[in-house]
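Descriptive structure summary
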Amino acid sequence: MAIRQLTETIINQIAAGEVIERPASVVKELVENAIDAGATRIEIVTAGGGKTLMRITDNGSGIPRDELALAVSRHCTSKLTDDVHDIRALGFRGEALPSIGSVSRLSLKSRTADADSGFEIGVHGGRVEGPRPTPMNGGTIAEVRDLFFSTPARLKFMKTDRAEASAISDVVKRIAVAFPHIRFSIAGSDRTPLELNATGAGSAGMLERISQVLGKEFPENAIAIDAERDGVRLTGFAGIPAFNRANSLHQFAYVNGRPVRDKQIWGAIRGAYADVVARDRHPVAVLFLNLDPVLVDVNVHPAKADVRFRDPGLVRGLIVGAIREALGQSGIRAATSGAGAMLNSFRLGGAEPARADMAGQRWQGAAAANQKYELRQSPYRPFDLESTSVRNSNGFAETIHTFLYDGAEAVAADTRAGTAEIPQELLSAPLGAARAQIHANYIVSQTADSLVIVDQHAAHERLVYEALKNALHSRPLPAQMLLIPEIVDLPEEDVERLVAHAETLSRFGLGIEAFGPGAVAVRETPSMLGEIDTQQLVRDLADEIAEHDTSHGLKAILDHVAATMACHGSVRSGRRLKPDEMNALLRQMEETPGSGTCNHGRPTYIELKLSDIERLFGRR
Ligand code: ADP
Ligand code: MG
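Residues numbered from 1 in each chain as written. Chains lettered and ligands numbered in written order. Predicted model: local features only at pLDDT ≥ 70, side-chain atom pairs only at ≥ 80, totals over all residues. Heavy atoms only, no water.

**Some thoughts on the nonpolar core**
To keep things clear, this is the line we draw: Remark: nonpolar core denotes a set of buried residues (Ala, Val, Leu, Ile, Met, Phe, Trp, Tyr, Cys) joined through side-chain atoms within 4.5 Å. Under the scheme applied here, a residue whose accessible area is under 20% of the maximum for its type counts as buried, over 50% as exposed, and between as partly exposed, the area being computed with a 1.4 Å probe on protein chains only. The helix count covers DSSP runs of H or I at least four residues long, the strand count covers runs of E at least two residues long, and both are numbered beginning at the N terminus. Domain boundaries shown here were taken from an automatic or database domain assignment. The contact criterion used is simple: two residues touch if any of their non-hydrogen atoms lie within 4.5 Å.
The biggest cluster of nonpolar side chains holds 92 residues, and the ones touching the most others in it are Ile 42, Phe 184, Leu 289 and Ile 319. Tallying contributions element by element places helix H9 (residues 312-329) first for this core, with nine residues. No fewer than three residues from each of domain 1 (8-196) and domain 2 (202-330) sit in this core. Once residues lying within four places of it in the same chain are set aside, the contact partners of Phe 184 are Val 31, Ile 35, Ile 42, Val 172, Ala 176, Phe 179, Leu 194, Glu 195, Leu 196 and Arg 209. Among the nonpolar cores identified, the runner-up in size contains 32 residues, and Ala 502, Leu 505, Leu 537 and Val 538 belong to it.

**A short note on the packing of helix H2 (residues 23-36) against helix H6 (residues 161-178)**
When two helices pack together, you describe them by how their axes are tilted relative to each other and by the distance separating the axes. Formally: An axis is simply a line fitted to the C-alpha atoms; with a helix, the fit covers only the stretch in contact. Between two such axes, the angle follows the N-to-C directions and lies from 0 to 180 degrees. In these notes the angle categories are as follows: under 35 degrees is roughly parallel, over 145 is roughly antiparallel, 65 to 115 is roughly perpendicular, and the rest is oblique. By convention, the crossing between two helices is left-handed when the near helix turns anticlockwise from the far helix through less than a right angle, and right-handed when the turn is clockwise. Each residue gets one of three labels, nonpolar for Ala, Val, Leu, Ile, Met, Phe, Trp, Tyr, Cys and Pro, charged for Asp, Glu, Lys and Arg, and polar for the others, Gly among them.
Two elements in contact, H2 and H6, have axes separated by 8 Å at closest approach and are oriented at 30 degrees. One finds that H2 runs roughly parallel with respect to H6. Considering the relative orientation of H2 and H6, their crossing is right-handed. Contacts between H2 and H6 involve Pro 23, Ala 24, Val 27, Lys 28, Val 31, Glu 32 and Ile 35 on the former and, on the latter, Glu 164, Ala 167, Ile 168, Val 171, Val 172 and Ile 175. Split by residue class, the contact of H2 with H6 holds ten nonpolar, no polar and three charged.

**Quick notes on the confidence of the model for the protein**
What counts here: On a scale of 0 to 100, pLDDT captures the predictor's confidence in every residue.
For the protein, mean pLDDT is 79; residues scoring 70 or higher make up 81% of the total. Scored below 50 in pLDDT, residues 345-415 shows 106 contacts in the model against residues more than four places distant or in partner chains.

**Re the sheet that holds strand E24 (residues 605-609)**
Operational definition: At least two bridges found by DSSP between two strands is the condition for calling them paired.
In space, the four strands of this open sheet follow the order E18-E19-E20-E24, with antiparallel pairing throughout. Two strands bound the open sheet, and with one partner strand each, they are strand E18 (433-438) and E24. Averaged over all pairs of adjacent strands, the angle between their axes in this sheet comes to 20 degrees, without regard to strand direction. Judged from the five bridges that link them, strand E20 (residues 450-455) and E24 form a sheet pairing that is antiparallel. Considered in E24, the bridge of Val 454 is made with Tyr 605. The strands that helix H15 (residues 456-473) touches are E18, strand E19 (442-446) and E20; relative to E20, the one it contacts most, it runs at about 70 degrees. Along the sheet, helix H19 (residues 579-591) makes contact with E18, E19, E20 and E24, crossing E18 at roughly 120 degrees.

**Looking at unusual backbone geometry**
Glycine aside, a negative phi is what most residues show, and trans is what most peptide bonds show. Cis geometry marks the peptide bond from Gly 130 to Pro 131; its omega dihedral reads 5 degrees. As for its position among the elements, Pro 131 is in strand E5 (residues 127-134). Residues other than glycine seldom take positive phi values, yet Phe 148 does so here, at roughly 65 degrees. Despite not being glycine, Asp 230 has its phi angle at roughly 45 degrees, a positive value. In this fold, Asp 230 is placed in the loop between strand E9 (222-229) and strand E10 (232-239). Its relative accessible area of 64% is what places Asp 230 among the exposed residues.

**Structural notes on the packing of H15 against H19**
Contact geometry of H15 with H19 gives a least axis separation of 10 Å together with a crossing angle of 50 degrees. Regarding the angle of H15 to H19, the classification is oblique. In terms of crossing hand, the pair formed by H15 and H19 is left-handed. The residues of H19 that touch H15, namely those facing Gln 456, Ala 459, His 460 and Leu 463, are Leu 585, Gln 588 and Met 589. Residues belonging to the contact of H15 with H19 are distributed by class as follows: four nonpolar, three polar and no charged.

**Describing the sheet that holds strand E21 (residues 479-489)**
Taken in spatial order, the three strands of this open sheet run E21-E23-E22, and their pairing is antiparallel. Of all the strands in the sheet, just E21 and strand E22 (511-514) have a single pairing partner and so form its edges. Neighbour to neighbour, the strand axes of the sheet diverge by 20 degrees on average, direction disregarded. Bridge count for E21 against strand E23 (residues 519-526) is seven bridges, and the pairing is antiparallel. In the strand pairing of E23, Ile 487 is matched with Ala 521. Relative to E22, helix H16 (residues 492-500) is tilted by about 130 degrees, and along the sheet it contacts E22 and E23.

**Notes on the site of ligand 1**
So the rule is basically this: Being near a molecule or strand, for a residue, means having at least one of its heavy atoms within 4 Å of it. Polar contacts, as counted here, are pairs of nitrogen or oxygen atoms within 3.5 Å of one another; within protein the pair requires one atom able to donate a hydrogen and one able to accept it, and residues that are adjacent in sequence qualify only if both atoms are side-chain atoms. In these tables, accessible area is a Shrake-Rupley quantity obtained with a 1.4 Å probe, and a residue counts as shielded only by the protein chains included in the view.
What surrounds ligand 1 is a group of 20 residues, the closest being Asn 33, Thr 77, Ser 78, Lys 79 and Gly 94. One of the backbone N or O atoms of Ala 96 is found 3.3 Å from an oxygen atom in ligand 1. Alone, ligand 1 offers 530 Å² of accessible surface; in the complex the protein occludes 92% of this. At the level of elements, H2 and helix H4 (96-102) are the ones that each hand at least two residues to the shell around ligand 1. When its residues are assigned to classes, the shell around ligand 1 shows nine nonpolar, seven polar and four charged.

**Here's the deal with the environment of Val 488**
Mapped onto the secondary structure, Val 488 falls in strand E21. C-alpha of Val 488 to C-alpha of Val 522: the two residues are 34 residues apart in sequence and 7.6 Å apart in space. For Val 488, the contacting residues outside a window of four places in its chain are Gly 518, Ala 519, Val 520, Val 522, Gln 535, Val 538 and Arg 539.

If you want it as structure tokens, here you go:
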């Protein structure tokens, strides 16, 4: 076949293959155009998941009659002059409209402020018709029907109407977060309508828009971020660790106002939360990066969702540092959503029989979600512990309080706390004064205006974990010699792996050495963990190291070793605590960054405000 120039329509269809993947990509391009045109109201109507119809109406500047034909021609844009590195609009490639027009029936109606009528131009499978006059208000109406009718192979890849409709909502929400001053609405036969009213300016307006999109619990479960390094500014909100989700759809990132889906940014968010959110859970975060446009290349992919930073290390460091600092400064905060769910359940329960079923379902849902985090049932023996001094990363001494099991005395502990005088000074502490221990695992405490329930196992595990991690950056942890070394039989690979990390383990106070090919001898155990099931600990450690050895590097292994040890050394549920011990635990939680969640990302405590309790009883 002889070489020949492709037709304009074929060229556009090829481009469409990259820009227009599914209906949501069309909506993204058209909404971006409306925003670039200065619109303050953008209405979106869809049918058949966007496959049948997508109509985007805006009140922006409009397109003059004489430019309509250019708008739907390839490589025609009003947004770029001579410098492709200086991009300030969402669009710049001049590709979207011709691409869409080549694979659908596109109608573009527009009216500028000074025109006495609107004009319409049509592109049907690449063929242009018009412009001809049409009555309309100022702004632009872009209507796309029968997407991919001319490229049936593409149609086969479309998902169900419902899936495509929800992908469209996701795209719109993602864009809307960056433009709170614009009112967005989505409606159509294929969905429940969504309206995002324009909010005020500044960070308050931003937060309001985010909560329209992410739910009204977000603000109380998020910490504001504002950091800058070498001309790169990072603002936004980081969800507290306990407010985590099962997927990463609730992570939003923007570079100079443009929504991006960038692996480096996701990686940085993951890194920032690595210690506090379980690996199969995802934190919620909304991050805005602003930097000189010349420091970032947005022209990496036709869909403009990828970016390339000139200094990726700087951006990563900024994100990780800012989120960690925010989480640290905020101290301990548990998710309020837990208490909210509890309130809801209370309200539903018993009131009317018909709704009692719903309460049942709610609980089933909650139980199913919880099974994911199977709490390691601790098979270990009770232990006696004392206070141990360690030095934290700043060189300050810290005391790890540990809890002495004291059979006879402790039995009465829970009742005794409740009847004792409340130490007034403790009421103003964030976690308040311990009043009782119930079901041998939950510490109930009282602050000036709330009731706090602490999961003592989860909380203590977190505290031990933090202390272990501190030990990594300072002196090795104290070890306790075993009179008779304990021999643990293991597969040879496990022995090799453990021995390879013997030096690291000794920093934690665990002294092991090879004992023939199929066993290790344990000579010392970390004093902080007290009397533990050494066999089980060593086996668990071997598993952890095996799992993380190849892929994750030393840092990850250390974290997992610390977590495994923490789990072994924690106050188990079932241990009764004395009032002093309970209060000591609360005070230590207050002092320890990150103690609002356990190592698995679950909350370590929940708080119920007095006002909520009053609501439960109908007093308000
Ligand atoms: P790009 O956005 O990359 O410039 P498009 O193909 O999406 O390319 O749009 C081509 C041109 O059409 C834009 O540069 C803009 O001038 C004009 N245009 C498109 N949509 C609108 C709109 N909703 N309001 C005003 N002008 C628009
Ligand atoms: Mg565009």
